[in-house]
Amino acid sequence: MDVLTPRSLDEALRLRAAHPDALPIQGGTDLMVDLNFDRRRPEALLNLNEVAELKGWSRENGVVRLGAGLTYTDAMSAKLAALLPAFSEASRTVGSPQIRNRGTIGGNLGTASPAGDALPPLLISECEVELQSVRGERRLALESFLIGPKRNALAPDELILAVRVRGGLGTQTFMKVGPRNAMVIAVVSLALGVDRERGVLSAAFGSAAPVATLVTAALDDVDSFPEQVAAAASPIDDVRGTGAYRRHALRVLVARALERCLTR
Amino acid sequence: MSRVMPGTEARLGWIGESVRRVDGIPKTTGEFEYASDLQVAGMLWGHTLRSPYAHARVRAIDLSGALSVAGVHAVLTHSDVPGRKTYGLEFQDQPVLAIDRVRYFGEPVAIVAAEHPEQARRAAERIVVDYEPLVPIVDPERATESEPLHPDPESHVSDHYLRDPRPNVLRTMRIIHGDPDARGDVVVEGTYELGSQDQAFLGPESGLAVPDGKGGVDVYVATQWLHVDREQVAPCLGLPEEQVRIHLAGVGGAFGGREDLSIQIHAALLALHTSRPVKMVYNRQESFSGHVHRHPARIRAEHRATRDGRLVCVQMRILLDGGAYASSSTAVTANATSFACGPYAVPNALIETMSVFTNNPPCGAMRGFGAVQTCFAAEAQMDKLAQALEIDPVELRLLNALGTGDTLPTGQRITSSLPVAEVIRRCAALREPDPEELPRAAIRLPGGAGNTTRGEGVKRGVGFAVGFKNIAYSEGFDDSCAARVRLHEDGSAEVHCAAAEVGQGVTNVILQVARTELATDDVRIAPVTTAAVGSSGSASASRMTWMASGAVRDACRAALVEREARGGGEVDVERVYRHRRTAPLDPETGQVGELPAHVAFACAAMKVIAEVDVELGLTRVVWIGTAQDVGKAVNPQAVEGQIEGGTAQGLGLALMEEIQTRDGLITNASFTDYLIPTALDVPPIVSELVEHPEPDAPYGVKGVGEPPTVVSTAAIVAALRDATGRELARVPVRPDDIVGLQ
């Protein structure tokens, strides 16, 4: 198996176009598990970890741009926590320190798992995904980018550059349910935001539908919101939990998150 | 210049001193060589093709595709096994490689050796096995009404077992004690269930086989008992035992899961076939099929007591799912039966246990060995009884506590140490922290790093449990341990003992005993191998400290005597230590004859404080206090380590660990989906070491590895019941059970 390691974004895009079968790897916390377990044997890997343009984050006119190479450890910084509290809290729930040092936002979007921890908090922050190829650049709403369980709208020659989210959108929180107290894949997760200025409640959940799903309502709908979110879920039974429990937990989480955000 | 193992320089210790593990620093820094790190020039890599079915007939195997893969040196099936085609710890019922039938998911069918592990894997994919899938037996309740999985009805029979002609019975055992119809004033009943737990050792099965060029083979492997490996490996290779040498390679945890063979015969076959060294390492997924697990159990219990709280009668029916092959199921059955009632004086009892064959993953030895399952049921029953009688649960246990001079339901009189009342009192006296003394950060609440509560829905519960089990092998097994001591002219000493260091700290024990006996710090331990010393018996059954202490002590003393007699010079002495004899129980009544069935016992009491988010069904154990009967702590720090680790393993069974199957296929064979406790799940553990010397044991020692695991599952679930008011009759307790979704 070849490993292609571009040193710049231009080189990365050219390699991506020339080797559409080369699997992009950014961080590798999902992909390396698949390789170790002999579940995947791609012809080649396109190693994006050395592309400086994908790292870090910036802020302009209330829009926060998170590079695809941003790690969960980066996301837990105080500055980002102040702008994107739910996203930062979600990052703290990911794996162990070693995994958080390695795992990236770009990787989470690339895997597009319904359990992806970064996805619900991004969904409640009006998230757009920046995609680029040698043909040019396009932006997609995150809802349109996530098209199914572990499926996204990335074209074979495209790379995920960054996500753009709106910072400082009212109060937010993130919660994740798992059967042990750290290092779990979400049995069900919830990001919730209360935007008093615009009078909007937004909730996005993970692991309770084929894709992470956004639900919004008017601020007046606080009382019915837990039920509304639970009703939007279509959870299944699997080795991590039952569908009935996921729906139940979602109701409890939404009520608690509302309480947390409204009293803050 | 002293000749000591690396790491021992830091601090030497004699018996009773807390000393640093000799392998502690190398393991922490990554320098320790585990079996998976073994390398030798020119070695090939072995790989195992495993059954994708839980039950199927094997009609044909076509190897041609695999043999044509570049780099492949050998592709072997059952027809290439030169000696006996089957092996096993108690019955030789497990094929080295599947013959005409596979009986469990992951059963080895063929093995490949290639230059590179990837070539071996790709070659294995090209082996074409013509399977005819058969309906798997997955419900142990229905096993005795199904077609026999092992067609020869005589294949699993022993004179010491009750005859039970029904199909798929592994062992039926019965204890009839006193009058099982004796009535009490109060009766409590319950049905309990335990899922299958995995040992989840971090070092997967691995080893290296090296042909010696003279027809024999050296196998370097992570195992628990070198000599019993050799006993099983040699006949399958068609070799005399002298031509097979087993050497201990670095063991990354065992917990019973390395009692059965894994790579030993396969790697040796490939090495002898190719005349090249062959290394095998299972990956994590494969490891879940590479060793036996803890028996899942269903237990029906009825306890009868007088109005003032004295047990009158216990009736229990225990069903253990043994999976596809016998492994050590018959001994686990005996233990579950023997310790079913818990450490209480029970004048009348009827205990009936049956273990059965199914097409589920095979079960065998795991820390606690049958006593974990029954302790969970018996202690839940004691709490129910306390509630029905309105007696404090600790008082009820004290009232019925077994002690020296009392009689077990098997009729065995306890002549040695068993301070049940004392461990209960000392544990109960441990002061648990008040809620305000605990760290209250959100991450320390149920749900932990998931940030699910700031206190909403959280209730606190207290649980208490007591458990006991046997030390060393039982039922007439000739249990021995050899040690060999060489005294050199320069005053230094070398100890040979085949005791497997599986992380429990037996290396330190051996050094401490030898230093104490020889009155010198200058002692080194020789490599652990069948080539230099007799059998040590297994690093199992909480026996290794006792047995190795006895053997090393006797060999040291004999060596000193011999040096004295010779007036100095080099001395080389081997001695074999045996504990007192035991005998099988009567197959009809489960009663002892003249000899006891068990050598000795150890007990532990545990108090648990748990917090439960009753709305989300999430838990956090916040504090554990325990008092354990340890005889004499050779290395108190190591004993505390065993207590903490053993408790954590029981916590795993209580709260999260279960091998899940569908139609016999394992559905969570990874550490992503088979969860074990993290540092956020295991609370601080306060350990009281109760030292009542065991009269029959060297220095008064007892084994310490299993009692914490026996008791902690029961104690933790008791705390959850107290917090939730729910019955919680099944472990691991699921969030659904706590919130009441069924």
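About the thresholds
- Residues numbered from 1 in each chain as written.
- Chains lettered and ligands numbered in written order.
- Predicted model: local features only at pLDDT ≥ 70, side-chain atom pairs only at ≥ 80, totals over all residues.
- Heavy atoms only, no water.
- Helix = DSSP H or I, 4+ residues; strand = E, 2+ residues; numbered from the N terminus.
- Buried < 20%, exposed > 50% of the residue type's maximum accessible area, 1.4 Å probe, protein only.
- Areas by Shrake-Rupley, 256 points an atom, 1.4 Å probe, with all protein chains shown as cover.
- Lys, Arg positive; Asp, Glu negative; His and termini not counted.
- Charge placed at Lys NZ, Arg CZ, Asp CG, Glu CD.
- Salt bridge = Lys/Arg side-chain N within 4 Å of Asp/Glu carboxyl O.
- Contact = heavy atoms within 4.5 Å.
- Buried area = accessible area lost by both parts, 1.4 Å probe.
- Polar contact = N/O pair within 3.5 Å; in protein donor to acceptor, adjacent residues only side chain to side chain.
- Nonpolar A, V, L, I, M, F, W, Y, C, P; charged D, E, K, R; others polar.
- Disulfide = S-S within 2.5 Å.
- Domains from an automatic or database assignment.
- Expected span 1.5 Å × (residues − 1).
- Pairing = 2+ DSSP bridges.
- Axes fitted to C-alpha atoms, helices over the stretch in contact; angles between N-to-C directions.
- Phe/Tyr/Trp six-rings, centres within 6.5 Å; stacked < 30°, edge-to-face > 60°.
- Lys NZ or Arg CZ within 6 Å of the ring centre and 35° of its normal.

(A) Molecular detail of the overall build of chain A. Looking only at helices and strands, chain A features 11 helices and 14 strands. Along the first, second and third principal axes, the C-alpha atoms of chain A reach 55 × 45 × 30 Å. Taken over 264 residues, chain A has a buried fraction of 55%. Per element, the accessible surface of chain A, about 10800 Å² overall, is 50% carbon and sulfur. A distance of 4 Å separates the average location of the 31 positive side-chain charges in chain A from that of its 30 negative side-chain charges.

(B) A look at the pattern of salt bridges. As enumerated under the stated definition, the model contains 68 salt bridges over all chains in all. Between Asp38 of chain A and Arg121 of chain B there is a salt bridge, with the nearest N and O atoms lying 3.9 Å from each other. Taken together, the residues span two chains, with Asp38 of chain A in the loop between α2 (31-36) and β3 (44-47) and Arg121 of chain B in helix α3 (residues 117-125). Taking the shortest distance from any N to any O, the salt bridge between Glu432 of chain B and Lys607 of chain B comes out at 2.9 Å. Here Glu432 of chain B is found in the loop between α10 (420-428) and β18 (458-471), whereas its partner Lys607 of chain B is found in strand β23 (residues 600-613), with 175 residues between them in sequence. Taking the relative accessible area as the measure of exposure, Glu432 of chain B reaches 25% and is therefore partly exposed.

(C) Highlighting the interface of chain B and chain A. Of the residues lining the interface, 45 residues belong to chain B; the matching set on chain A comes to 32 residues. Surface buried jointly by chain B and chain A totals about 2900 Å² across both partners, of which 50% is contributed by carbon and sulfur atoms. Taken together, the links from chain B to chain A amount to 6 salt bridges. Across the pair Asp38 of chain A and Arg122 of chain B runs a salt bridge whose closest N-O atoms are separated by 2.7 Å. Taken together, the connections running from chain B to chain A amount to 21 residue pairs in polar contact (both at pLDDT 80 or more). Mapped by element, the contributors of at least two residues to the side of chain B that touches chain A are α3, α6 (284-290), β24 (618-629) and α15 (735-739) of chain B. Here the element with the most residues in the side of chain B that touches chain A is α3 of chain B; it accounts for 4 residues. Class assignment of the residues belonging to the side of chain B that touches chain A gives a composition of 16 nonpolar, 16 polar and 13 charged.

(D) The arrangement of the state of the cysteines in detail. Residue and element names in this part refer to chain B. For the structure on display, the rule yields 0 disulfides over all chains. A disulfide-free cysteine, Cys363 has its sulfur positioned 19 Å from the sulfur of Cys375, the nearest such atom. The thiol sulfur of Cys427 is not disulfide-bonded, and the nearest other cysteine sulfur, from Cys603, lies at 11 Å.

(E) Layout of the environment of Val710 of chain B. Residues and elements named next belong to chain B. Note that Val710 resides in helix α14 (residues 707-724). It is 7.1 Å that separates the C-alpha atoms of Val710 and Phe468, two residues lying 242 residues apart in sequence. With residues near it in sequence (within four places) discarded, Val710 still touches Gly368, Ala371, Val372, Cys375, Gly467, Phe468 and Lys469.

(F) Representation of the domain arrangement of chain A. Split by domain assignment, chain A resolves into domain 1 (1-48) and domain 2 (171-262). Here the C-alpha centroids of domain 1 of chain A and domain 2 of chain A sit 33 Å apart.

(G) Representation of the environment of Pro204 of chain B. Residue and element names in this part refer to chain B. Relative to the elements of secondary structure, Pro204 occurs in the loop between β10 (186-194) and β11 (206-211). On a C-alpha basis, the gap between Pro204 and Ala222 in space is 9.0 Å, while along the polypeptide they are 18 residues apart. What Pro204 contacts, discounting residues up to four positions off in sequence, is Arg258, Val281, Tyr282, Arg284 and Ser287.

(H) Quick peek at the domain arrangement of chain B. All names here are of chain B. For chain B, the assigned domains are domain 1 (24-32 + 480-578) and domain 2 (37-134 + 204-251 + 258-290). Relative to domain 2, the C-alpha centre of domain 1 lies at a distance of 32 Å. Between domain 1 and domain 2, the contact holds 18 residues from the first and 15 residues from the second. With both chains or domains summed, domain 1 and domain 2 bury close to 1300 Å², and 57% of this area falls on carbon and sulfur atoms. The three residues of domain 1 that bury the most area against domain 2 are Phe32, Val528 and Thr530, which together make up 36% of that side's buried surface. Here domain 1 and domain 2 share 0 salt bridges between them. The interface formed by domain 1 and domain 2 includes 9 residue pairs in polar contact (both at pLDDT 80 or more). Of the residues contributing to the side of domain 1 that touches domain 2, the split by class is 8 nonpolar, 8 polar and 2 charged.

(I) Fine view of helix α8 (residues 371-389) of chain B. Residues and elements named next belong to chain B. If you check α8, its first and last C-alpha atoms are 26 Å apart, about what 19 residues at 1.5 Å a residue would give, namely 27 Å. Here α8 lies mainly inside the structure; 15 of its 19 residues are buried. In the segment just after α8, Glu390 is the residue with positive phi, at about 55°.

(J) Focus on the sheet that holds strand β4 (residues 57-60) of chain A. Residue and element names in this part refer to chain A. With antiparallel pairing, the 5 strands of this open sheet are ordered in space as β4-β5-β10-β6-β7. Two strands in the sheet have a free side with no partner beyond their single neighbour: β4 and β7 (136-141). On average, each strand axis in the sheet is tilted by 25° relative to the strand beside it, whichever way the strands run. Note that β4 and strand β5 (residues 63-67) share 4 bridges and pair antiparallel. Within the sheet, the bridge partner assigned to Trp57 lies in β5 and is Leu66. Set on the sheet, helix α1 (residues 9-18) makes contact with β6 (128-133) and β10 (159-166); between it and β10 the angle comes to about 125°.

(K) Quick peek at unusual backbone geometry. Residue and element names in this part refer to chain B. Residue Pro732 is reached from Val731 by a cis peptide bond, and omega for that bond is -5°. Here Pro732 is to be found in the loop between β28 (730-731) and α15. Here Asn451, not a glycine, exhibits a phi torsion of approximately 65°, which is positive. Of note, Asn451 is situated in the loop between α10 and β18.

(L) Local environment of helix α7 (residues 329-338) of chain B. Residue and element names in this part refer to chain B. Here α7 lies mainly inside the structure; 9 of its 10 residues are buried. Buried within α7 are the following residues: Ser329, Thr330, Val332, Thr333, Ala334, Asn335, Ala336, Thr337 and Ser338. Structurally, α7 contributes buried residues whose contacts are with β9 (169-177), β16 (311-323), β17 (348-357), α8 and β18.

(M) Structural view of the sheet that holds strand β12 (residues 217-221) of chain B. Residue and element names in this part refer to chain B. Taking strand neighbours across the sheet as the criterion, the 7 strands line up as β3-β7-β1-β14-β11-β12-β13 in an open arrangement whose pairing is mixed. The sheet is open, and its two edges are formed by β3 (72-76) and β13 (244-248), each paired on a single side. If you compare each strand with its neighbour and ignore which way they point, the axes differ by 20° on average. Both strand β1 (residues 44-50) and strand β7 (residues 108-114) contribute to a ladder of 6 bridges, which runs antiparallel. Note that in β7 the partner of His47 across the bridge is Val112. Running over the sheet, helix α4 (residues 226-237) touches β12 and β13 and is turned about 145° from β13.

(N) Quick look at the side chain of Asn635 of chain B. Residues and elements named next belong to chain B. For Asn635, the location among the structural elements is in the loop between β24 and α13 (636-655). Side-chain polar atoms of Asn635 contact the backbone nitrogen of Val19, separated by 3.0 Å. With near-sequence residues (within four places) excluded, Asn635 lies in contact with Glu17, Ser18, Val19, Asn508 and Gln512.

(O) Spotlight on the pairing of β11 of chain B. Residue and element names in this part refer to chain B. Both β11 and strand β14 (residues 278-281) contribute to a ladder of 4 bridges, which runs antiparallel. Bridged to Ser206 within β14 is Val281. Pairing of β11 with β12 involves 5 bridges; the strand directions are antiparallel. Considered in β12, the bridge of Ala209 is made with Val219.

(P) Expanded view of the packing of aromatic side chains. All names here are of chain B. Scanning the model with the defined rule gives 12 aromatic pairs over all chains in all. With a centroid separation of 6.0 Å and an interplanar angle of 80°, the aromatic rings of Tyr104 and Tyr325 are classed as edge-to-face. Within this pair, whereas Tyr104 is found in the loop between β6 (101-102) and β7, its partner Tyr325 is found in the loop between β16 and α7, the two being separated by 221 residues in sequence. Like Tyr325, Tyr104 is buried. When the ring centre of Phe32 is taken as reference, the NZ or CZ atom of Lys27 above it lies at 4.7 Å. Across from the ring centre of Tyr473, 5.8 Å away, lies the NZ or CZ of Arg543, which sits over that ring.

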